[in-house]
Amino acid sequence: MRKKNLFGELRYTIKETPKYLDGYAPASFGMPMSLVYGGTDGNGKKTEEALKQLSRIEDGFVAEMGFSLGKGIAPGQLAEMLSGYDLWIMGMAVYSGEIKEVKISTYSSSGDAIYAPHLTLRPYTAYSDDGARRRWNRSISKDDVKMAADQMIKDLEWLTSRVNYDGAGEDKQRLAYLNGIQVFGAVVTGPVRELEKLKQVPGLRDFRLGRIEVWNWEKHKTNMP
């Protein structure tokens, strides 16, 4: 519970309850050193344990998986790379000057990657004038990735100009840095057999397995907005 004066007293409670269809649990993404400091992209650490775990899961399960990239690329390029797979892209990790341009308090490094707070490109959401959500997509596709990216900038501009929150200063620096968006990781959801195929995609590394459940993937795809 937190209190804050805003034309009176405001009380609110934050309780994180991630769900498959409305978001995803936080994942750890490694920013390639070359993305931060320039130079040549390294091969990085390609964690295979998550892929081994997938191979031991029976058909019929749907899982969440995060991965990092060996270099920064445009979100449309990543969406195109994954378009041939039966998966939903739930979010992409955006590089916006962290470490080099944005002064953040905590980060760590491992091998040729840096782990730090970052912006997240989420599925496209549109709001009415009164702030109510009037349209939302459950995943990012190659057809709407530009809309999602444009909306992320608009939301960040609105938020940093109207709301005083922890991290607003860092987000203003991120917004000033952004001139074209590059991403270096993503979280996807799909059938376990389909997720296994990601090991064939060049440039993906550091796979991390998230939640695993049994539900009707085809039914949810059919009902997807």
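Data block above holds the structure.
These numbers come from a predicted model, not from an experiment. (Residues numbered from 1 in each chain as written. Predicted model: local features only at pLDDT ≥ 70, side-chain atom pairs only at ≥ 80, totals over all residues. Heavy atoms only, no water.)

**A closer look at the overall build of the protein chain**
- Helices and strands together make up the secondary structure of the protein chain, namely 7 helices and 12 strands.
- Sorting the 225 residues of the protein chain into buried and exposed places 42% on the buried side.
- The long-range share in the protein chain, meaning contacts at least 24 apart out of those at least 6 apart in sequence, stands at 81%.
- Carbon and sulfur atoms provide 48% of the accessible area of the protein chain, an area that totals close to 12800 Å². (Helix = DSSP H or I, 4+ residues; strand = E, 2+ residues; numbered from the N terminus. Buried < 20%, exposed > 50% of the residue type's maximum accessible area, 1.4 Å probe, protein only. Contact = heavy atoms within 4.5 Å. Areas by Shrake-Rupley, 256 points an atom, 1.4 Å probe, with all protein chains shown as cover.)

**Comments concerning helix α3 (residues 75-82)**
- Here α3 has its buried residues at Pro-75, Leu-78, Ala-79 and Leu-82. For α3, the arc enclosing every buried residue in end-on projection is 100°, short of the 170-degree limit, so these residues lie on one face.
- Of the surrounding secondary structure, the elements contacted by the buried residues of α3 are β4 (61-73), β5 (88-95), β8 (119-121), α4 (145-162) and β11 (182-191). (Arc of directions from axis to C-beta.)

**Some details on the packing of aromatic side chains**
- The full count for this structure, using the stated rule, is 3 aromatic pairs.
- On the basis of an interplanar angle of 55° and a centroid distance of 6.2 Å, the ring pair of Phe-67 and Phe-207 is categorised as tilted. Here the residue Phe-67 occupies a position in strand β4, and Phe-207 occupies one in strand β12 (residues 204-214), the gap between them amounting to 140 residues. By the burial criterion, Phe-67 is buried, and Phe-207 matches it.
- Residues Trp-88 and Trp-217 carry aromatic rings whose centres are separated by 4.8 Å and whose planes lie at 45° to one another, so their mutual orientation is tilted. Note that Trp-88 is positioned in strand β5 and Trp-217 in helix α7 (residues 217-222), a separation of 129 residues in sequence. (Phe/Tyr/Trp six-rings, centres within 6.5 Å; stacked < 30°, edge-to-face > 60°.)

**Observations regarding the sheet that holds β4**
- Taken in spatial order, the 5 strands line up as β8-β5-β11-β4-β12 in an open sheet, and their pairing is antiparallel. Every interior strand has two partners, whereas the edge strands, β8 and β12, have only one. In this sheet, adjacent strand axes meet at a mean angle of 20° when their direction is disregarded.
- As judged from the 7 bridges shared by β5 and β11, these two strands associate in the antiparallel manner. What sits directly across from Trp-88, in β11, is Thr-189.
- Taken strand by strand, α3 contacts β4, β5, β8, β11 and β12, and its axis lies near 135° from that of β4. (Pairing = 2+ DSSP bridges. Axes fitted to C-alpha atoms, helices over the stretch in contact; angles between N-to-C directions.)

**A word on α4**
- With 18 residues, α4 extends 26 Å between its outermost C-alpha atoms, agreeing within 8% with the 26 Å of an ideal straight helix rising 1.5 Å per residue.
- Residues Val-145, Ala-148, Ala-149, Gln-151, Met-152, Leu-156 and Thr-160 constitute the buried set of α4. For α4, the angular spread of the buried residues around the axis is 165°, confining them to a single face. Opposite its buried face, α4 presents the exposed residues Lys-146, Lys-154, Ser-161 and Arg-162, each directed more than 90 degrees away. (Expected span 1.5 Å × (residues − 1).)

**Overview of the packing of α4 against helix α5 (residues 168-177)**
- Put simply, α4 and α5 touch, their axes get as near as 10 Å, and they point 140° apart. By the angle class used here, α4 and α5 are oblique. Where α4 crosses over α5, the handedness of that crossing is left-handed. Contacts between α4 and α5 involve Ile-153, Leu-156, Glu-157 and Thr-160 from the first element and Ala-168, Asp-171, Lys-172 and Leu-175 from the second. (Parallel < 35°, antiparallel > 145°, perpendicular 65-115°, else oblique. Left-handed = near helix turned anticlockwise from the far one by under 90°.)

**Looking at the pattern of salt bridges**
- This structure, assessed with the given rule, holds 9 salt bridges.
- Measuring nitrogen to oxygen at the nearest pair gives 3.6 Å for the salt bridge that ties Arg-56 to Glu-49.
- Take Glu-49: its relative accessible area is 42%, and that puts it in the partly exposed class.
- A single network of salt bridges, built from pairs that share partners, joins Asp-59, Arg-193 and Glu-196. (Salt bridge = Lys/Arg side-chain N within 4 Å of Asp/Glu carboxyl O.)

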